[in-house]
Amino acid sequence: QVQLVESGGGLVQPGGSLRLSCAASGSIFSIKSMEWYRGAPGKQRELVAAITSGGSTNYADSVKGRFTISSDSAKNTVYLQLNSLKPADTAVYYCKMVVATTSTSPYFQFWGQGTLVTVST
C-alpha cells in the first residue's frame, strides 16, 4: 500500500505565504502524477495544481501566478508554494498521487488526509 502524509498548513494573514508538502511512502514503483486539491465548507473539492512525471504542470485559474507546484522524485514528495494568499484560499488541501506499486500493476489513486490552510486576520 501507499501512504501520503501532508504537512505545512496553518493560519496565515492575507498576502502571506505557506509551503505545503506531501510525502509518499510504501510500495511505490512509479508515480505518474502528483496533484493538489482543496475543499472548502459548502464547496466541491477542486483541483488546484498538478504535475506529471515529465514535469508538465497545470493550475486552476484562481491560483495561477500565486501558487507553484514542484516535486522531488527521489523523495516521492510534492510541494505547493502558496503566495499572495487570500481569504478565499481557506480550505483543506489534499494531495493525490497516481501510483503503480509494481512494474506490472495498473496505476491507482492515493489520497492524503489533508492539511488545513486558514487565511485570516
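Residues numbered from 1 in each chain as written. Predicted model: local features only at pLDDT ≥ 70, side-chain atom pairs only at ≥ 80, totals over all residues. Heavy atoms only, no water.

(A) Examining unusual backbone geometry more closely. Even without glycine at this site, N76 takes up a positive phi of about 50°. Within the element layout of this structure, N76 appears in the loop between β7 (67–72) and β8 (77–82). Even without a glycine there, the phi angle at S84 is positive, about 50°. (Helix = DSSP H or I, 4+ residues; strand = E, 2+ residues; numbered from the N terminus.)

(B) Expanded view of the packing of aromatic side chains. Inspection of every chain in the model, using the stated rule, returns one aromatic pair. Its guanidinium or amino end placed over the ring of Y107, K32 lies 4.4 Å from that ring's centre, counting from NZ or CZ. (Phe/Tyr/Trp six-rings, centres within 6.5 Å; stacked < 30°, edge-to-face > 60°. Lys NZ or Arg CZ within 6 Å of the ring centre and 35° of its normal.)

(C) Quick peek at the side chain of T77. Inspection of the secondary structure assignment puts T77 in strand β8. A relative accessible area of 7% places T77 in the buried class. A polar side-chain atom of T77 sits 2.9 Å from the main-chain carbonyl oxygen of K75. Residues in contact with T77, not counting those within four places in the same chain, are C22, A23, M34, S70, S71 and D72. (Buried < 20%, exposed > 50% of the residue type's maximum accessible area, 1.4 Å probe, protein only. Polar contact = N/O pair within 3.5 Å; in protein donor to acceptor, adjacent residues only side chain to side chain. Contact = heavy atoms within 4.5 Å.)

Treat this as a map of the structure, not an account of what it does.
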